Amino acid sequence: MSGVLPLHPALLLKGFEVELYTGRPDGTVVGCSAAAAAALEGFVTEPDCRNLEYTTPPHAGYTEQLELLLEPRRRLRPWLAQRGLTLLPGSTLSTGDSRCFERSDPANPYHGYIEATYGTRVVTASVHINLGLTAMEALFAACRLLRCEGALLLSLSACSPFLDGAVTGAHSQRWLQFPLTPEQVPLFLSHAHYIDWVEEQLRLGTMQNVRHLWTSVRPNGDARPHDLNRLEIRICDLLADPLELLAVTAFAELRVHQLLAEPDRHDPLRASSLSPEALAELADANDRSAARSSLDAPLRHWRDGATISARDWIAQELRAMAPLAADLGLTPWLQPLHALLEQGNQAMRWQAAHAAGTPVAALIAEGAAVMEQRELALTAGLATDQPRVLG
């Protein structure tokens, strides 16, 4: 297969949790997740029926993950089309209605708790990126680094400038409205620190269960908090284009590889002049700034607290990681990031089009059609041994 990039043995296992809104081709959100999950293997419900979720199994290869991202959508789309529905882009209820919660499972008590406690603030669509790390010291160092650089990933992925048919003024309304839980999460110094902290939150009731840690980046595994095997990046808005998602993933993975090679240079606990408490505050403030202005956001660098724009920080990291990207065969997969830096992310492009006169519903409808065509093009590329459909 001449078009397939070789799998480098050093690449990390990775997998994705993808949340998507369903609705009509005109951009109207219509919930159907319970019926879809019952009819189609691999799809699960969220508390609100207007979005559904699928996951990709762990695989280190980017070409393989591209197919794993596309395959569930190929099965879902005909089912939706029979009902006059499609998949919608964006990470908030862009065309409404955020005034009501539409339960996917009225009998589920945990869903009842979510509705009563948070309302529709949680009715968002995003993508979670999981990177496999089984050595605890490496896992928690990676959590620290990507917690401190999560704002960069949100800046690239921001796609939620609308809510209920109106412009919110933010680039990621999703991140501003989503209830971070608990409200304050420390920079974890070690696995033991994480275990003690989680058990304390469960005793205090600030977490209902071990899954109830809703933060930008967290350790994950089959039996939290003790049995961990991966890093979960939760801050990203939905990257509807799979190649953009894989580009952001490659960026994050390369930062982890740089950390593993030189922890003294890239672990904020070792390489920052700031205290762990100050780093946690800095990271959270950067996330809020990125949610408001994404690539144009003024951020504070974790190394010394100096101000730098998200766009400049990302460009700086891309230059620094270029040799390693070439060594690992990831240079082609990073390519979409250059276009995002030059042309703006989805939120910025939507804001510009809306300012020029295009209504919100029309932008979501157009985005839904583009999303479907992109999936068809990528599937065709894979079928002809050309996974690098980077245009």
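Our subject in this report is the structure included herewith. Values in this document were obtained by computation on a predicted structure and should not be read as measured data. (Residues numbered from 1 in each chain as written. Predicted model: local features only at pLDDT ≥ 70, side-chain atom pairs only at ≥ 80, totals over all residues. Heavy atoms only, no water.)

## Looking at the side chain of glutamate 46
- For glutamate 46, the position within the fold is in the loop between strand 2 (43-45) and strand 3 (51-55).
- One buried charge, glutamate 46, has no salt-bridge partner; the nearest side chain with opposite charge is arginine 234, at 8.3 Å.
- Beyond its immediate sequence surroundings of up to four residues, glutamate 46 is in contact with Glu19, Asn51, Glu53, Ser104 and His111. (Helix = DSSP H or I, 4+ residues; strand = E, 2+ residues; numbered from the N terminus. Buried < 20%, exposed > 50% of the residue type's maximum accessible area, 1.4 Å probe, protein only. Lys, Arg positive; Asp, Glu negative; His and termini not counted. Salt bridge = Lys/Arg side-chain N within 4 Å of Asp/Glu carboxyl O. Contact = heavy atoms within 4.5 Å.)

## Comments concerning the environment of glycine 305
- Among the secondary structure elements, glycine 305 is positioned in the loop between strand 10 (298-300) and strand 11 (307-309).
- For the pair glycine 305 and alanine 278, spaced 27 residues apart in sequence, the C-alpha to C-alpha distance is 9.4 Å.
- Those residues within four positions of glycine 305 in sequence are excluded, and the remaining contacts are Leu274, Leu282 and Arg300.

## Observations concerning the packing of aromatic side chains
- Under the defined criterion, the tally for this structure stands at 11 aromatic pairs.
- Ring centres of tyrosine 118 and tryptophan 214 lie 5.0 Å apart, and the angle between their planes is 50°; this geometry places the pair in the tilted category. Remark: tryptophan 214 occurs in the loop between helix 7 (191-204) and strand 8 (217-220) and tyrosine 118 occurs in helix 3 (residues 109-118); sequence separation between them is 96 residues. Taken as a pair, tyrosine 118 and tryptophan 214 share a single burial class, namely buried.
- A ring pair is formed by phenylalanine 140 and phenylalanine 188, whose centres lie 6.5 Å apart and whose planes are at 90°; its orientation type is edge-to-face. With a gap of 48 residues between them, phenylalanine 140 in helix 4 (residues 136-148) and phenylalanine 188 in the loop between helix 6 (173-177) and helix 7 connect regions that are remote in the sequence. Here phenylalanine 140 and phenylalanine 188 have matching classes, each one buried.
- One aromatic cluster is present, built from ring pairs that chain together Tyr110, Tyr113, Tyr118, Phe178 and Trp214.
- In this structure, arginine 83 packs its charged tip against the face of tryptophan 79, placed 3.8 Å from the ring centre. (Phe/Tyr/Trp six-rings, centres within 6.5 Å; stacked < 30°, edge-to-face > 60°. Lys NZ or Arg CZ within 6 Å of the ring centre and 35° of its normal.)

## Examining the pairing of strand 9 (residues 230-233)
- As defined by bridge partners, strand 5 (residues 127-132) adjoins strand 9 across 4 bridges and the pair is classed as antiparallel. Opposite asparagine 130, over in strand 9, you have glutamate 232 as the bridge partner.
- Relative to strand 9, strand 8 runs antiparallel, the two being bridged by 4 bridges. Its bridge partner lying in strand 9, arginine 218 is registered against glutamate 232. (Pairing = 2+ DSSP bridges.)

## Observations regarding helix 8 (residues 242-261)
- Here helix 8 contains 20 residues, and its C-alpha end-to-end distance of 28 Å stays within 8% of the 28 Å for a straight helix at 1.5 Å per residue.
- Burial analysis of helix 8 places 18 of its 20 residues in the buried class, the great majority of the element.
- Where helix 8 begins, the capping side chain belongs to aspartate 241, and its oxygen is found 2.9 Å from the backbone nitrogen of leucine 243. (Expected span 1.5 Å × (residues − 1). Polar contact = N/O pair within 3.5 Å; in protein donor to acceptor, adjacent residues only side chain to side chain.)

## Considering the pattern of salt bridges
- Under the defined criterion, the tally for this structure stands at 23 salt bridges.
- Of the charged contacts in the structure, one is a salt bridge between glutamate 102 and arginine 50, with a shortest N-O distance of 3.7 Å. Pair noted here: glutamate 102 is in the loop between strand 4 (86-88) and helix 3 and arginine 50 is in the loop between strand 2 and strand 3, with a separation of 52 residues, a long-range link.
- Given the relative accessible area of 30%, glutamate 102 is considered partly exposed.
- Put simply, glutamate 67 and arginine 74 hold a salt bridge, and the shortest N to O gap is 2.6 Å.
- The exposure class assigned to arginine 74 is partly exposed, which follows from its relative accessible area of 35%.
- Ionic contacts of the salt-bridge type, sharing partners, join the residues Arg73, Arg77, Glu372 and Glu375 into one network.

## So, the nonpolar core
- Ranked by internal contacts, the top residues of the largest apolar core, which has 114 residues, are Leu76, Leu231, Ile233, Phe251, Leu334 and Leu337.
- Ranked by the residues each element gives to this core, the list is headed by helix 8, at 11 residues.
- Leave out the neighbours within four places in its chain, and leucine 337 touches Leu156, Ala247, Val248, Phe251 and Leu318. (Core = buried A, V, L, I, M, F, W, Y, C linked by side-chain atoms within 4.5 Å.)

## Description of the environment of lysine 14
- Within the secondary structure, lysine 14 sits in strand 1 (residues 14-23).
- Overall, the relative accessible area of 1% leaves lysine 14 in the buried class.
- As for lysine 14 and leucine 131, which are separated by 117 residues in sequence, their C-alpha atoms are 4.6 Å apart.
- When residues no more than four places from it in sequence are discounted, the contact partners of lysine 14 are Pro57, Pro58, His59, Ala60, Tyr62, Gln65, Asn130, Leu131, Thr249 and Glu253.
- A polar atom in the side chain of lysine 14 sits 2.5 Å from the backbone oxygen of alanine 60.
- A polar contact is formed between the side chain of lysine 14 and the side chain of glutamate 253, at a distance of 3.0 Å.

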